[in-house]
Amino acid sequence: MAVDPLVLAAFAAMAGATYFTRIAGFWLVRRIRLSRPLSGALAAMPGAILVALIAPTVLTTGPAESGAAIVTVALAWRLPSLAAIAGGVASVVVLRALTG
Amino acid sequence: MEAGDRDPMEVSGRPWRGEAAAALRAVAPAVASMVPFALLIGFLARQNGLSTLEALLMSAMVFAGSAQFVALDLWSWPVPVASLALTTFIINARHILMGAAVMPHIAHWRTGRAYPALFFLADEIWALSMARAGAGRLRLSYYAALVVPFYLTWVSMTTLGHLAGAAIRDPARFGFDFAFTAIFLVILAALWRGRRTMGPWVASAAAAVAVWYLVAGPWYILAGGAAGAAVGALQGVRDDGG
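Engineer: Even after reading the chapter, I still don't get the overall build of chain B, so can you show me in this structure?
Structural biologist: Helix and strand counts for chain B come out as eleven helices and zero strands. Going residue by residue from the N terminus, the α and β elements of chain B occur as α-α-α-α-α-α-α-α-α-α-α. Split into buried and exposed, the 242 residues of chain B put 52% on the buried side. Put simply, 76% of the contacts in chain B that link residues at least 6 apart link residues at least 24 apart.

Structure representation (structure tokens):
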């Protein structure tokens, strides 16, 4: 159960970099007045980041992933989130098998 | 998780038990679908010659799944500390935008609590927090109940993955690789606010896919976030004019 000092240094550096990104936006936006455009930008950001995170997977991987995304959203319309997520994952397995 | 979580000015606030129960229900799918990835991180750490304790420390200290995957991909001996730190920063730069977006909703938390809490602002925690804030008020007790099971599962399953060795080699076989996409889609469905939402999302998707094709690495996330925010800013200006 050894811990190499250089490994620990690498983890500390990665942890520091991560923590900086997690507090920097909070710190900055707290100190400046929110103009209309800025609050519009902040309001749009959560959805925009989530869309960006999934866009390559949903739009470019293949028909199975695109189809499963549609299934997931359709399920989310009516069902609780856990059921929609499970249905989405199941549909990607089925669609991958079908589209080979 | 104490009574002090609540704003003393608010007499009619829901008790923290209700907040915690709602948060646990909300975070359960994210916790469940993260398990195979935590196991895989532990397994990859073992492949790269890290000890069990080192695998545990990595997940406990860094607590950023995608950055940890890339770090283990880049891993070599002697450890390239500087390039690991820089890569981690680039991959996690999206959290700067996320922290900015969550700020108005946690500005009422005490500073001494907000800064430690932000250590745990992983993608899923952030997304679930924003969904909660959109439906009402985001309390520290709710946030804490999101974080505790998520963090403990991440760290313990990484450790287990290292111990179990070859447990899960290929999460794609079971569709687990799609789980994060499905989670984010479900959260997006909850964030939908009618036609106004459309502009930023289309801009983000277009920018993300274009940059994803052109530039290797996680830049597509920043590009999409920035494009969506720009459209949001224009909508803000238009509101001002009207």
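Further notes follow.
Engineer: I tried to follow the interface of chain B and chain A on my own but got confused; where do I start?
Structural biologist: Reports often express the size of an interface as the amount of accessible area lost when the parts come together. Contact with chain B, which involves 86 residues of that partner, is made by 65 residues of chain A. With both sides pooled, the region where chain B packs onto chain A buries about 6400 Å², and carbon together with sulfur makes up 80% of that total. Considering only the side of chain B, the residues that lose the most area to chain A are M103, Y115 and F178 of chain B, jointly responsible for 11% of the buried surface there. Here chain B is connected to chain A by twelve residue pairs in polar contact (both at pLDDT 80 or more). If you tally residues by element for the side of chain B that touches chain A, the top one is helix 11 (residues 219-241) of chain B, at twelve residues. Grouping the amino acids of the side of chain B that touches chain A by side-chain chemistry returns 65 nonpolar, 15 polar and six charged.

Engineer: Quick question: what am I supposed to make of the layout of surface pockets here?
Structural biologist: Think of a ball as big as a water molecule: rolled over the atoms, this probe shows where empty space is left. Its boundaries defined by the atoms lining it, the largest pocket holds a volume of some 930 Å³. Contributing to the lining of the largest pocket are 34 residues, with L53 of chain A together with F37, S66, F180 and Y220 of chain B lying nearest its centre. Counting only elements with at least two residues in the lining of the largest pocket, the list comes to helix 2 (36-60) of chain A together with helix 1 (16-47), helix 3 (65-74), helix 5 (94-106), helix 7 (123-135), helix 8 (140-164), helix 9 (179-191) and helix 11 of chain B. As a volume, the second largest pocket reaches approximately 560 Å³. Lining the second largest pocket are 24 residues; nearest its centre among them are V73 of chain A together with L185, L188, A189 and W201 of chain B. Mapped by element, the contributors of at least two residues to the lining of the second largest pocket are helix 2 and helix 3 (63-78) of chain A together with helix 9 and helix 10 (195-214) of chain B. For the lining of the second largest pocket, the element with the most residues is helix 3 of chain A, which contributes six residues.

Engineer: How should I be thinking about the packing of aromatic side chains in this particular structure?
Structural biologist: Two measures describe an aromatic ring pair: the distance that separates the ring centres and the angle between the ring planes. Residue and element names in this part refer to chain B. Counting across every chain of the model gives 14 aromatic pairs over all chains. Judged by centre distance (6.1 Å) and plane angle (75°), the ring pair of F63 and F150 falls under edge-to-face. In this pair, F63 sits in the loop between helix 2 (52-62) and helix 3 while F150 sits in helix 8, placing the two residues 87 residues apart along the sequence. Residue classification places F150 among the buried positions, given a relative accessible area of 4%. Ring plane angle 70° and centroid distance 5.4 Å describe the contact between W212 and Y213, whose orientation is recorded as edge-to-face. When its relative accessible area of 36% is taken as the criterion, W212 is described as partly exposed.

Engineer: It is not clear to me how the domain arrangement of chain A should be interpreted in this structure. Could you clarify?
Structural biologist: What the domain assignment reports for chain A is domain 1 (1-32) and domain 2 (45-100). Using only C-alpha atoms to locate each centre, domain 1 of chain A and domain 2 of chain A end up separated by 32 Å.

Engineer: Would you explain the domain arrangement of chain B in this entry?
Structural biologist: Residue and element names in this part refer to chain B. For chain B, the assigned domains read domain 1 (3-191) and domain 2 (195-242). Each side of the interface is counted separately: domain 1 has seven residues, and domain 2 has seven residues. Taken together, both faces of the contact between domain 1 and domain 2 bury some 590 Å²; the carbon and sulfur share is 88%. Ranking the residues of domain 1 by area buried against domain 2 places I90, R94 and L97 at the top, with a combined share of 58%. The interface formed by domain 1 and domain 2 includes zero salt bridges. Linking domain 1 with domain 2 are zero residue pairs in polar contact (both at pLDDT 80 or more). Among the secondary structure elements, those contributing two or more residues to the side of domain 1 that touches domain 2 are helix 4 (81-92), helix 5 and helix 9. Here the side of domain 1 that touches domain 2 is composed, by residue class, of six nonpolar, no polar and one charged.

Engineer: What is the right way to read unusual backbone geometry from this model?
Structural biologist: Most peptide bonds take the trans configuration, and most residues that are not glycine carry a negative phi. Residue and element names in this part refer to chain B. Between W77 and the following residue, P78, the backbone shows a cis peptide bond with an omega angle of -5°. Along the chain, P78 turns up in the loop between helix 3 and helix 4. One non-glycine residue, F63, adopts positive backbone phi at about 50°.

Engineer: Got a minute to help me understand the packing of helix 1 of chain B against helix 7 of chain B in this structure?
Structural biologist: Relative placement of two packed helices is described by the angle separating their axes and the distance separating the axes. All names here are of chain B. With their axes 11 Å apart at the nearest point, helix 1 and helix 7 run at an angle of 135° to one another. Here helix 1 is positioned oblique relative to helix 7, judged by the angle of their axes. Crossing angle aside, the handedness with which helix 1 passes helix 7 is right-handed. Contacts between helix 1 and helix 7 pair E19, A22, A26, V27 and A30 from the former with E124, L128 and R132 from the latter. In the contact of helix 1 with helix 7, the residues fall into five nonpolar, no polar and three charged.

Engineer: Just checking my understanding: could you explain helix 1 of chain B for this structure?
Structural biologist: Along an α-helix, a turn takes 3.6 residues, which lines up residues three or four apart on a common side. Considering bend angle alone, the principal kink of helix 1 of chain B is centred on V27 of chain B and spans about 40°; proline P29 of chain B follows within four residues of it. Phi turns positive, to about 85°, at G49 of chain B, one or two residues after helix 1 of chain B.

What counts as what
- Residues numbered from 1 in each chain as written.
- Chains lettered and ligands numbered in written order.
- Predicted model: local features only at pLDDT ≥ 70, side-chain atom pairs only at ≥ 80, totals over all residues.
- Heavy atoms only, no water.
- Helix = DSSP H or I, 4+ residues; strand = E, 2+ residues; numbered from the N terminus.
- Buried < 20%, exposed > 50% of the residue type's maximum accessible area, 1.4 Å probe, protein only.
- Contact = heavy atoms within 4.5 Å.
- Buried area = accessible area lost by both parts, 1.4 Å probe.
- Polar contact = N/O pair within 3.5 Å; in protein donor to acceptor, adjacent residues only side chain to side chain.
- Nonpolar A, V, L, I, M, F, W, Y, C, P; charged D, E, K, R; others polar.
- 1 Å grid on protein atoms, 1.4 Å probe; cavity = no way out; pocket = protein on both sides within 12 Å on 5 of 7 lines; lining within 4 Å.
- Points joined across faces, edges and corners; volume = space filled by probe spheres on them.
- Phe/Tyr/Trp six-rings, centres within 6.5 Å; stacked < 30°, edge-to-face > 60°.
- Domains from an automatic or database assignment.
- Salt bridge = Lys/Arg side-chain N within 4 Å of Asp/Glu carboxyl O.
- Axes fitted to C-alpha atoms, helices over the stretch in contact; angles between N-to-C directions.
- Parallel < 35°, antiparallel > 145°, perpendicular 65-115°, else oblique.
- Left-handed = near helix turned anticlockwise from the far one by under 90°.
- Bend = angle between axes of the 7 residues up to and from the residue.

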